[in-house]
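Here is what each chain is made of, one letter per residue.
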Amino acid sequence: AEMAAARLSGAENRLVSLPLSRIRVIMKSSPEVSSINQDALFLTAKATELFVQYLATYSYKHGRGKEKNALTYTDLSHTAEECETFQFLADILPKKILASKYLKMLEKEKRDGEVREDDEEAEEEEDEDE
Amino acid sequence: MAERPEDLNLPNAVITRIIKEALPDGVNISKEARSAISRAASVFVLYATSCANNFATKGKRKTLNAGDVLSAMEEMEFQRFVAPLKESLEVYRREQKGKKEARKDKDKKADSEEQDKSREEDNDDDDERMEEEEQNDEEEVDN
């Protein structure tokens with residue numbers, strides 16, 4: 001019965017697309033969780049789908065990827081950094097920086113002998129190339 | 001217990017489909033973006049579970065229930081999910097109930113068919129009826 005909702009094949013308008021069994025595995029990986037009632041499992045799966053939709057659309061809307069009709073990783077990491085609701089993702093969606101840029105940055109810091117805002121520079125460098 | 005990495009991931013195909021259906025047609029989603037969203041979704045499940053579990057614990061319960069998950073959504077600042085989740089839950093519960101009743105009806109029907117049959121037949125067929133009843137019992141066990 002647990003997997004029945006997930007096993008429904010065919011139409012995209014099924015109630016939930018993410019497999020309940022997999023959601024359950026992830027939930028149970030938390031040691032403090034004893035048991036999960038069927039409704040709670042369904043709701044978590046459904047909430048995760050809503051979350052994916054929300055993260056994707058928010059990032060697309062507020063990002064620069066759409067200038068090229070795309071959703072990019074940078075759009076996502078911007079969202080994690082700038083939107084409070086998504087801040088819990090900041091650690092797993094870190095800002096990217098090219099290794100060469102980072103090395104240049106380090107050299108410049110050494111030369112100037114000042115402490116700069118790493119993030120600020122990284123963002124500038126990054127946006128230049130995007 | 002060590003989980004293999006892929007066990008805590010959600011199926012790529014499904015994640016991709018959800019993203020594509022949410023975005024305007026023709027928008028390209030980089031593999032990196034897709035993978036990032038998938039990881040984010042797994043983290044979301046963990047975060048939601050932990051949060052819901054706090055509510056269950058507060059309520060002195062060991063089993064996470066629907067209310068705990070909904071409370072978690074509010075706590076996590078995803079209030080916008082609550083109304084659609086409640087709607088979906090209603091549909092889900094009806095579906096589950098429908099399935100249960102379909103199974104019950106199937107058993108009931110089998111029983112009543114038996115009874116009709118026995119009314120028409122004479123006592124000589126008592127043995128046959130008993131055999132059918134046994135068969136029905138076996139079916140239930142298999143289910």
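Note that the structure is predicted; figures quoted are calculated from it, not measured. (Residues numbered from 1 in each chain as written. Chains lettered and ligands numbered in written order. Predicted model: local features only at pLDDT ≥ 70, side-chain atom pairs only at ≥ 80, totals over all residues. Heavy atoms only, no water.)

A. Region of the structure containing the interface of chain A and chain B. Of the residues lining the interface, 56 residues belong to chain A; the matching set on chain B comes to 60 residues. Its largest share of buried area at the contact with chain B, chain A owes to A:Ile26, A:Leu43 and A:Phe88, together 12% of the area lost on that side. Inspection of the chain A/chain B interface yields two salt bridges. Between B:Glu32 and A:Lys96 there is a salt bridge, and its shortest N-O distance comes to 3.4 Å. On inspection of chain A and its partner chain B, the count reaches 14 residue pairs in polar contact (both at pLDDT 80 or more). For the side of chain A that touches chain B, the element with the most residues is helix H3 (residues 38-62) of chain A, which contributes 19 residues. Considering only residue class, the side of chain A that touches chain B consists of 33 nonpolar, 14 polar and nine charged. (Contact = heavy atoms within 4.5 Å. Buried area = accessible area lost by both parts, 1.4 Å probe. Salt bridge = Lys/Arg side-chain N within 4 Å of Asp/Glu carboxyl O. Polar contact = N/O pair within 3.5 Å; in protein donor to acceptor, adjacent residues only side chain to side chain. Helix = DSSP H or I, 4+ residues; strand = E, 2+ residues; numbered from the N terminus. Nonpolar A, V, L, I, M, F, W, Y, C, P; charged D, E, K, R; others polar.)

B. Examining the nonpolar core more closely. Grouped together as the largest cluster of nonpolar side chains are 62 residues, with contacts concentrated most on A:Phe51, B:Ile37, B:Met73, B:Phe78 and B:Phe81. For this core, the secondary structure elements donating two or more residues are helix H2 (20-28), H3 and helix H4 (73-82) of chain A together with helix H1 (12-22), helix H2 (31-58), helix H3 (66-75) and helix H4 (82-120) of chain B. Ranked by residue count, the leading element in this core is H3(A), at 13 residues. Non-local contacts of B:Phe81, meaning those with residues more than four positions away in its chain, are made with A:Ala47, A:Leu50, A:Phe51, A:Tyr54, B:Phe44 and B:Met73. (Core = buried A, V, L, I, M, F, W, Y, C linked by side-chain atoms within 4.5 Å. Buried < 20%, exposed > 50% of the residue type's maximum accessible area, 1.4 Å probe, protein only.)

C. Structural detail: the UniProt feature "domain: Transcription factor CBF/NF-Y/archaeal histone" (unreviewed entry) in chain B. In this structure's numbering, the residues bearing the UniProt feature "domain: Transcription factor CBF/NF-Y/archaeal histone" (unreviewed entry) are residues 9-73 of chain B. A distance of 21 Å separates the end C-alpha atoms of residues 9-73 of chain B, which is 72% helix and 6% strand. (UniProt positions renumbered as here; feature names shortened; annotations may be inferred.)

D. Representation of the pattern of salt bridges in the model. Following the criterion strictly, the structure yields five salt bridges over all chains and no others. A salt bridge links A:Asp39 to B:Arg93; the shortest N-O distance between them is 2.7 Å. One end of the pair, A:Asp39, is in helix H3; the other, B:Arg93, is in helix H4, on a second chain. Relative accessible area serves as the criterion here: at 16%, A:Asp39 is assigned to the buried category. You can call B:Arg93 partly exposed: its relative accessible area is 42%.

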